[in-house]
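Listed below are the residues making up each chain.
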Amino acid sequence: MSDGLFLTLEGIDGAGKSSHLDAMEALFKARGRTVVRTREPGGTPLAEILRGLILEQPMDPLTESLLVFAARRDHVVRVIEPALARGDVVLCDRFTDATFAYQGAGRDFDTQVLSTLEQWVQGGRGAAGLLQPHVTLWFDLAPEIAAQRLAGARLPDKFESQPVEFFRRVAAGYAARAVADAPRFVRIDASQTRDQVWQQVETALVARGALAPESGAAR
Ligand code: TYD
């Protein structure tokens with residue numbers, strides 16, 4: 001068994017999850033950990049090419065799901081599993097929960113098919129049989145507020161230009177996933193200020209044992 005740690009960040013577009021990646025990486029590095037920072041769709045040359053297609057090209061939900069999982073397979077095999085085997089911290093901006101939230105709930109695609117693809121791509125590993133993040137930070141924010149934060153920020157991609165109703169379904173998809181796998185999920189109230197959100201992130205990492213408290217820290 002290695003001490004590799006697989007951490008994912010999830011949430012609807014505009015929830016602000018990515019803005020905490022630098023600080024998270026610094027936190028682990030300060031404790032002597034090697035951090036592999038990556039994202040989905042993407043994280044390998046092939047998966048980044050697929051990302052461009054997924055985010056820009058119109059396609060039916062099955063095609064989209066197949067491409068997302070094809071990208072994930074390459075990412076898992078080439079980056080995530082080797083990093084975990086080395087004992088690194090894998091800090092991944094989105095993973096399979098996003099597929100259940102966006103393709104499953106958002107696009108109303110069959111979650112049984114998604115579960116089958118998840119099994120194919122992440123199956124056959126470890127005691128649980130399925131490669132899953134150890135901890136998932138779910139940045140929960142009302143879709144209306146997320147839309148305001150996104151407005152005018154940059155040119156929206158295929159998903160970001162979806163109506164608020166789409167993001168209501170995506171948010172509900174994340175909530176359902178969090179209930180189904182409660183021990184893995186930490187809900188972060190992303191409506192708070194950036195500093196307050198960061199405090200929640202740090203507290204959650206300590207509480208979940210992902211981040212050892214600094215030795216000699218004042219109590
Ligand atoms: P995102 O992670 O928000 O990156 P950026 O901050 O650069 O925009 O964008 C990825 C988009 O892809 C996001 O809208 C969610 C979508 N997505 C899916 O639809 N399914 C998936 O399985 C994943 C991983 C992402």
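Quick notes on the rules
- Residues numbered from 1 in each chain as written.
- Predicted model: local features only at pLDDT ≥ 70, side-chain atom pairs only at ≥ 80, totals over all residues.
- Heavy atoms only, no water.
- UniProt positions renumbered as here; feature names shortened; annotations may be inferred.
- Helix = DSSP H or I, 4+ residues; strand = E, 2+ residues; numbered from the N terminus.
- Rg over C-alpha atoms; globule rule 2.2 N^0.38 Å.
- Buried < 20%, exposed > 50% of the residue type's maximum accessible area, 1.4 Å probe, protein only.
- Contact = heavy atoms within 4.5 Å.
- Areas by Shrake-Rupley, 256 points an atom, 1.4 Å probe, with all protein chains shown as cover.
- Salt bridge = Lys/Arg side-chain N within 4 Å of Asp/Glu carboxyl O.
- Near = heavy atom within 4 Å.
- Polar contact = N/O pair within 3.5 Å; in protein donor to acceptor, adjacent residues only side chain to side chain.
- 1 Å grid on protein atoms, 1.4 Å probe; cavity = no way out; pocket = protein on both sides within 12 Å on 5 of 7 lines; lining within 4 Å.
- Sits in = over half its atoms within 2 Å of the grid points.
- Nonpolar A, V, L, I, M, F, W, Y, C, P; charged D, E, K, R; others polar.
- Core = buried A, V, L, I, M, F, W, Y, C linked by side-chain atoms within 4.5 Å.

The name recorded for the protein chain in an unreviewed UniProt entry is Thymidylate kinase, from Variovorax paradoxus. Checking UniProt for the protein chain, the heading Function (unreviewed entry) contains the comment "Phosphorylation of dTMP to form dTDP in both de novo and salvage pathways of dTTP synthesis." What UniProt records for the protein chain under Catalytic activity (unreviewed entry) is the sentence "dTMP + ATP = dTDP + ADP".

(A) Here's a closer look at the overall build of the protein chain. Helix and strand content of the protein chain: eight helices and seven strands. For the protein chain, the C-alpha radius of gyration of 17 Å lies close to 17 Å, the compact-globule estimate for 219 residues. Counting the 219 residues in the protein chain, one finds 50% classified as buried. Considering only contacts within the protein chain whose residues lie at least 6 apart along the sequence, 77% involve residues at least 24 apart. Per element, the accessible surface of the protein chain, about 10600 Å² overall, is 55% carbon and sulfur.

(B) Region of the structure containing the environment of R149. Here R149 is to be found in helix α6 (residues 143–150). Note on R149: relative accessible area 38%, which makes it partly exposed. When residues no more than four places from it in sequence are discounted, the contact partners of R149 are G14, A15, L141, A190, S191 and Q192.

(C) Molecular detail of the pattern of salt bridges. Considering all chains together, one arrives at 19 salt bridges under this definition. Measuring nitrogen to oxygen at the nearest pair gives 2.8 Å for the salt bridge that ties E25 to R37. Of this pair, E25 sits in helix α1 (residues 21–30) while R37 sits in strand β2 (residues 35–39), and the two are 12 residues apart along the sequence. Owing to a relative accessible area of 37%, R37 belongs among the partly exposed residues under this scheme. Note that K158 is salt-bridged to E64, the shortest N-O span being 2.7 Å. Of this pair, K158 sits in the loop between α6 and α7 (164–180) while E64 sits in helix α3 (residues 61–86), and the two are 94 residues apart along the sequence. Taken as a pair, K158 and E64 share a single burial class, namely buried. When salt bridges with common partners are traced through the structure, they connect D97, E118, R177, D181 and R184 into a single cluster.

(D) Representation of the site of the ligand. Neighbouring residues of the ligand: 17 residues in total, closest D13, R94, T99, Q103 and R154. Here Q103 contributes a side-chain N or O atom positioned 2.8 Å from a nitrogen atom of the ligand. One of the side-chain N or O atoms of E160 is found 3.2 Å from an oxygen atom in the ligand. Comparing atom positions with the cavity grids shows the ligand to sit within the largest pocket. Put simply, the parts of the chain that give the shell around the ligand at least two residues each are α2 (45–56), α3 and α4 (96–106). Looking at which element gives the most residues to the shell around the ligand, the answer is α4, with four residues. Tallied by class, the residues present in the shell around the ligand amount to seven nonpolar, two polar and eight charged.

(E) View of the nonpolar core. Ranked by size, the top nonpolar core spans 45 residues in total, and within it L7, I12, M24, Y102, L137, F139 and L205 carry the most contacts. Ranked by residue count, the leading element in this core is α7, at six residues. If we skip the residues at most four places from it in the chain, Y102 touches G11, I12, D13, R94, R107, F159, F166, F167, V170 and Y174. With 11 residues, the next largest nonpolar core counts F6, I80, F95 and L131 among its residues.

(F) Structural view of the side chain of H75. Its place among the elements puts H75 in helix α3. Setting aside its immediate chain neighbours within four residues, H75 contacts T38, R39, E40, G42, G43, T44, I80 and C92.

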